[in-house]
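# Examination of the molecular architecture
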Amino acid sequence: MTFYAMNQVFLLGAGFTRAVMGDNAPLTDEIMPKLDLSEFPEIIEDYDKTFPDIEQFITQIDLRCLRFKKRNASYSQRLNEIRGAIVRQIVNIFDVNALAVARLDNFLEQFVELVPAQSTILTLNYDCILDQGLWFSKRWHPCKGYGDISKSSCYDDENREKDNILLLKLHGSCN
């Protein structure tokens, strides 16, 4: 009988960051009210329909981009620009300076220590709190640590030299 080692897989959502940062970290339903859409009247109806679910809102914009890609390329391009501006606003809300982890504290430190080498972490979070925890612990590196989707010019696979933890950000900074 042959046994194969299975890599650990973690799925993390907004509750993870809230556990680490407390009330400083907004939950997903607290993001949309913080967005400034005054320059984007063409998406206000989508905003109203999907409020307060940011994932549905971004998905709605993505679907519009795809729908108009062939029929109206200039409108599709405008929607992509709007989406980029919204993502930048979200990134600013969750910027590492806004939610900085100066040192590993309690929950984050314990979690990072428990993650086995060669694990895959799927995170629905927009922030970089987990990234910082893994980075500060010297167990992970962004070079290939986000997978092969990284557009950085890293030639050495620094993440494999660490614990080879793969961090996939389904909604976040590297999607």
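Before reading on, note that the structure itself is shown above.
Here's what I pulled together on the structure shown here. (Residues numbered from 1 in each chain as written. Predicted model: local features only at pLDDT ≥ 70, side-chain atom pairs only at ≥ 80, totals over all residues. Heavy atoms only, no water.)

### Focus: the side chain of T50
Position of T50 relative to the elements: it lies in helix α2 (residues 44–50). Beyond its immediate stretch of four places on either side in the chain, T50 contacts M32, Q56, F57 and Q60. (Helix = DSSP H or I, 4+ residues; strand = E, 2+ residues; numbered from the N terminus. Contact = heavy atoms within 4.5 Å.)

### What about the pattern of salt bridges?
Within the structure shown, the criterion is met by six salt bridges. The salt bridge partner of R78 is E42, with a shortest N-O separation of 2.8 Å. One end of the pair, R78, is in helix α4 (residues 73–93); the other, E42, is in the loop between α1 (14–21) and α2, and 36 residues separate them in sequence. Between R139 and D163 there is a salt bridge, and its shortest N-O distance comes to 2.4 Å. Placement of R139 in the loop between α6 (129–136) and α7 (142–145) and of D163 in the loop between α8 (158–161) and β3 (166–169) is noted, with a sequence separation of 24 residues between them. Note on R139: relative accessible area 14%, which makes it buried. (Salt bridge = Lys/Arg side-chain N within 4 Å of Asp/Glu carboxyl O. Buried < 20%, exposed > 50% of the residue type's maximum accessible area, 1.4 Å probe, protein only.)

### Remarks on the nonpolar core
Counting residues in hydrophobic clusters, the biggest one holds 20 residues, and the most contacted among them are L35, L37, I43, I54, F57, I86 and I90. Sorting the residues of this core by element identifies α3 (54–68) and α4 as the ones contributing at least two each. The element that contributes the greatest number of residues to this core is α4, accounting for six residues. If we ignore the near neighbours within four places in the chain, the residues touching I43 are L37, F57, I61, R64, L79, I82 and I86. By size, the runner-up hydrophobic cluster in this structure holds 17 residues, among which are F16, A25, F111 and I121. (Core = buried A, V, L, I, M, F, W, Y, C linked by side-chain atoms within 4.5 Å.)

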